[in-house]
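Architecture and fold: a report
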Amino acid sequence: MKRYFDDDAFEVFLKDFDFLFKIIKDERGELDIKIRPKNSFNLYYKGQSLAKIVLRKNQPYKIEINTKFLNYGNHEYIFEKEKRFPANPSGKTKSRVSFNITASNLHPFFQKKHLKRICRNIDKAGSNGEVMFEQMLITDNLNREDIFIIDQQITETSLKRKRMDLLALKQVSNNKYHFLLIEVKLGNNKELREDVGVQLNQYLKHINANFRDWKQCYEKNYQQIRETGIFEKPDYEKIEIVNKTIGKVVVCGYSGVGKKYLKDLGKIYPEINVKQFKFNL
């Protein structure tokens, strides 16, 4: 469990991506950074991974972007006239484009003009309702001291490709926080009947069994993200994560169907905390 940078890589990350942190802060949650294993991070736009960036010692950065977000292979290809950024298709289905970008070319590569075009293509591609709802939760809860969404779309090898939706830190007192694991579902998702309860309990069991690693990981993760200046609150230099992990299911829309599904869920898992949103006129 390591979602933070090695110390030497982190110093380089702070220096080379300073321009990007300022862009992200101005976007107020539409763009975001999440640190990943092996000195890498994902740049997200509206809950979609816009790019995966890997830091490599004494080598150019490896950057991977979905081909459709770049219009790769057609006349609207974003980097068509940019000789500095030769691309290589990667992956079994060539669904991603890989770039080797030097530190001096990071700013030209991620300049606002290019980011806006990539973001427009992501908007055109669309995303499922639950990803959009996750993003709403993130943006509507920015810069709060009492709760802080620290990670999203979390996978681990031992969880066999399953993905936790959102991981938050909920304040206990001052700089002490506990984990709040949030599963996001639309009201018409049949998983609300029972599957979400199985998933949530499995995730909570995994975190509790590995709490020391998760605690160390996200205390360090918080400290590094704080130094980017992307968020204003919490503003503690360091936090302490205490051993108390809570799960929550957040449900949005389709309130009639959702109410029935949640009734079934409550019979099987009465201990699960559920929050349901409705779009009332």
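These numbers come from a predicted model, not from an experiment.

A look at the overall build of the chain
Counting its secondary structure elements, the chain contains nine helices and 11 strands. Out of the 281 residues belonging to the chain, those deemed buried represent 48%. When contacts within the chain are restricted to residue pairs at least 6 apart in sequence, long-range pairs at least 24 apart make up 63% of them. Of the accessible surface of the chain, which amounts to about 14,900 Å², a share of 46% is contributed by carbon and sulfur atoms.

Quick notes on the pattern of salt bridges
A complete count under the given rule lists 17 salt bridges for this structure. A salt bridge links Lys15 to Asp16; the nearest nitrogen and oxygen atoms lie 3.0 Å apart. The class of Lys15 is exposed, set by a relative accessible area of 61%. Judged by its relative accessible area of 12%, Asp16 falls in the buried class.

Looking at the environment of Thr155
Structurally, Thr155 is set in strand β7 (residues 147-155). Spatially, the C-alpha atom of Thr155 lies 9.3 Å from that of Asp165, the residues being 10 residues apart in sequence. For Thr155, the contacting residues outside a window of four places in its chain are Arg3, Lys162 and Arg163.

Quick notes on unusual backbone geometry
Omega for the bond connecting Lys233 with Pro234 falls within 30 degrees of zero, at -5°, which places this linkage in the cis form. Relative to the assigned elements, Pro234 resides in the loop between α8 (211-228) and β10 (240-252). In the Ramachandran plot, Asn58 falls in the positive-phi region, its phi being about 60° despite a non-glycine side chain. Relative to the elements of secondary structure, Asn58 occurs in the loop between β3 (48-54) and β4 (61-66). A positive phi angle is found at Gln153, which is not glycine, with a value near 50°. For Gln153, the location among the structural elements is in strand β7.

A look at helix α2 (residues 18-26)
Among the residues of α2, Phe19, Leu20, Phe21, Ile23 and Ile24 are the ones counted as buried. Arg28 sits one or two positions beyond α2 and adopts a positive phi of about 50°.

Observations concerning a negative patch on the surface
Taken together, the side chains of Asp8, Glu11, Glu227 and Glu237 present a region of like negative charge at the surface. Relative to the helices and strands, Glu237 resides in the loop between α8 and β10.

Describing the nonpolar core
Phe17, Leu50, Ile63, Phe99 and Phe110 are the most contacted members of the largest nonpolar core, which has 71 residues in total. The element best represented in this core is α8, accounting for six residues. Residues contacting Ile63, with those up to four places away along its chain left out, are Ala51, Lys52, Ile53, Val97, Ser98, Phe99, Ile101, Leu106, Phe109 and Phe110.

A look at the pairing of β3
Bridge analysis of strand β2 (residues 40-45) against β3 gives six bridges, and the strand direction is antiparallel. Residue pairing for β3: Leu43 is matched across the bridge by Ala51. Taken together, β2 and the strand that follows it, β3, pair antiparallel across an intervening segment of two residues, in which Lys46 is found at a positive phi of about 50°. By the bridge criterion, three bridges tie β3 to β4 in an arrangement that is antiparallel.

With respect to the confidence of the model for the chain
Parts of the model with low pLDDT should not have their predicted coordinates read in detail. When pLDDT is averaged along the chain, the result is 86; 89% of the residues meet or exceed 70. No element of the chain has a lower mean pLDDT than helix α9 (residues 255-268), at 67, and none a higher one than α8, at 96.

Some thoughts on α8
Across its 18 residues, α8 extends 26 Å between first and last C-alpha, which sits within 8% of the 26 Å expected from 1.5 Å per residue. Listed in full, the buried residues belonging to α8 are Phe211, Trp214, Cys217, Tyr218, Glu219, Asn221, Tyr222, Gln224, Ile225 and Thr228.

Reading the values: rules and limits
- Residues numbered from 1 in each chain as written.
- Predicted model: local features only at pLDDT ≥ 70, side-chain atom pairs only at ≥ 80, totals over all residues.
- Heavy atoms only, no water.
- Helix = DSSP H or I, 4+ residues; strand = E, 2+ residues; numbered from the N terminus.
- Buried < 20%, exposed > 50% of the residue type's maximum accessible area, 1.4 Å probe, protein only.
- Contact = heavy atoms within 4.5 Å.
- Areas by Shrake-Rupley, 256 points an atom, 1.4 Å probe, with all protein chains shown as cover.
- Salt bridge = Lys/Arg side-chain N within 4 Å of Asp/Glu carboxyl O.
- Patch = residues over 30% accessible without salt bridge, like charges linked within 9 Å, V, L, I, M, F, W, Y side chains within 5 Å.
- Lys, Arg positive; Asp, Glu negative; His and termini not counted.
- Charge placed at Lys NZ, Arg CZ, Asp CG, Glu CD.
- Core = buried A, V, L, I, M, F, W, Y, C linked by side-chain atoms within 4.5 Å.
- Pairing = 2+ DSSP bridges.
- pLDDT = per-residue confidence, 0-100.
- Expected span 1.5 Å × (residues − 1).

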